[in-house]
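Each chain, letter by letter, is given below.
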Amino acid sequence: MREARLTILGCGSAKPTKTNRPASQLLDMCDKTFMIDCGEGAQLTMQQLGVRTARLYNIFISHLHGDHCLGLIGLLSTLSMLRRTQPMHIYAHSDLEKLMRPWLDYYCEGCSYEIIFHAINPRKRETIYEDRTVRVETIPLKHGVPTCGFLFYETHRVMQEDGTFAHETRKRYAYCSDTQYNPKMVEQIEGVDLLYHESTFLSDMAERSREFKHSTAREAAEIAKAAQVGQLLLGHFSARVEDHSLFLEEAKPVFENSVLAEEKTTITF
Ligand SMILES: [Zn+2]
Ligand SMILES: [Zn+2]
């Protein structure tokens with residue numbers, strides 16, 4: 001079975017730091033590349049890693065806070081300069097298209113490819129993308145603005161004994177950022193191979209975490225434990241915490257198989 005690969009382009013939160021850029025990831029599944037969030041600088045990290053964009057057709061945006069989408073205009077503009085011809089599909093709250101169209105008209109005038117926005121309802125759990133081998137579902141989250149995570153399924157058609165076909169799920173990846181502690185998501189992400197859950201703060205910053213509707217590392221681990229996931233990946237770290245090992249120290253006693261997201265690294269699962 002081929003491995004899925006998750007590359008971290010940015011694992012910081014709202015304020016970029018010397019070491020962290022805002023949220024962005026690339027998921028390689030079944031020979032396709034999916035971008036999840038596109039914080040400022042995502043395309044620069046892609047360049048540093050030598051990532052090719054030929055297989056990138058789909059970008060999923062969790063919510064419209066700047067640290068999750070301000071890298072889009074630069075990336076889309078660069079792709080036009082590279083004379084891309086394949087369309088790019090962007091899945092996001094409908095406000096993103098309203099906000100971006102004037103910028104696209106100005107900065108990407110005569111764009112070499114088509115940009116297609118797909119409006120999603122972050123409050124509802126629904127399938128928003130499906131092809132022969134990958135399906136993507138929204139995960140409603142609790143945050144200051146309408147926000148959803150994304151659940152990626154690798155599925156394959158297999159022939160049954162009676163000659164009919166059924167879909168078999170082989171791998172699942174859940175992206176849950178940004179959100180406050182939300183046990184409601186547990187049922188939906190139960191048993192996923194890899195869970196990325198935001199861990200913006202530490203427990204001694206819990207008040208701040210609740211105020212800004214984020215989670216602590218301990219809360220992320222509680223969700224991973226309740227959902228019995230394979231592995232927990234912590235990220236969306238606050239600029240206030242320089243030593244990221246503190247997040248791990250807090251998560252591991254609750255959920256042992258926890259790891260820290262690190263930019264420019266790839267996790268296989
Ligand atoms: Zn954020
Ligand atoms: Zn946010």
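For the structure itself, look to the data block above.
No experiment lies behind these values; they were computed from the predicted model shown.

Draft legend 1. Region of the structure containing the overall build of the protein. Helix and strand counts for the protein come out as 7 helices and 14 strands. Compactness check: the protein gives a C-alpha radius of gyration of 18 Å against a globular reference of 18 Å for 269 residues, within 12% of the reference. Considered along the principal axes of its C-alpha atoms, the protein spans approximately 55 × 50 × 35 Å. Going through the 269 residues of the protein one by one, you find that 42% of them count as buried.

Draft legend 2. Representation of the sheet that holds strand β4 (residues 56–60). Pairing is mixed in the open sheet, where 7 strands are placed in the order β6-β5-β4-β3-β2-β1-β14. Edge positions in the sheet fall to β6 (115–119) and β14 (266–268), since each of these pairs with one other strand and no more. Strand-to-strand, the axes of this sheet are offset by a mean angle of 20°, without reference to chain direction. One ladder, built from 5 bridges, connects strand β5 (residues 88–92) with β6; its direction is parallel. Counterpart to H89 in the pairing with β6 is I116. Helix α1 (residues 42–49) contacts β1 (5–10), β2 (24–29) and β3 (32–38) of the sheet and is inclined by roughly 125° relative to β1.

Draft legend 3. Expanded view of the environment of I73. Mapped onto the secondary structure, I73 falls in helix α2 (residues 72–81). On the basis of neighbour count, I73 is assigned to the partly exposed category, with 18 C-beta atoms found within 10 Å. A sequence separation of 38 residues divides I73 from M35, and the C-alpha atoms of the two residues are 14 Å apart. Residues in contact with I73, not counting those within four places in the same chain, are M100, W103 and Y107.

Draft legend 4. Broad picture of the sheet that holds strand β13 (residues 258–260). The strand order across the open sheet formed by 7 strands is β7-β8-β9-β10-β11-β12-β13, and the pairing between neighbours is mixed. Of all strands in the sheet, those bounded by a partner on one side alone are β7 (127–130) and β13. Here the average twist between neighbouring strands, direction ignored, is 25°. Sitting on the sheet, helix α6 (residues 217–227) touches β11 (194–198), β12 (231–235) and β13, and the angle it makes with β11 is about 150°.

Draft legend 5. Quick peek at the environment of F150. Here F150 shows up in strand β9 (residues 148–159). Residues F150 and H63, 87 residues apart in the sequence, show an inter-C-alpha distance of 11 Å. Apart from residues lying up to four places away in sequence, F150 is in contact with I36, F60, V136, T138, I139 and Y175.

Reading guide: rules and limits
- Here, residues in each chain are numbered from 1, in the same order as that chain's written sequence.
- Here every chain gets a letter starting at A, and every ligand a number starting at 1, in the order they are written.
- With pLDDT at 70 or above as the cut-off, local features in this predicted model cover only qualifying residues; side-chain atom pairs require 80 or more to be listed or tallied, and sums for whole chains, interfaces and linings still use all residues.
- Strands here are runs of E lasting at least two residues and helices are runs of H or I lasting at least four, both read from the DSSP assignment and numbered beginning at the N terminus.
- In this description the radius of gyration comes from C-alpha coordinates, and the expected globular size is given by 2.2 Å times residues to the power 0.38.
- Counts of 20 or more other C-beta atoms within 10 Å of a residue's own C-beta define buried residues, counts of 12 or fewer define exposed ones, and intermediate counts define partly exposed ones; C-beta atoms are placed from the backbone.
- In this scheme, strands are said to pair when DSSP sees at least two bridges between them.
- Here, axes are lines fitted to C-alpha atoms. For helices the fit covers the stretch in contact, and angles between N-to-C directions go from 0 to 180 degrees.
- Each residue gets a C-beta atom placed from its backbone, and two residues are in contact if those atoms lie within 7 Å.

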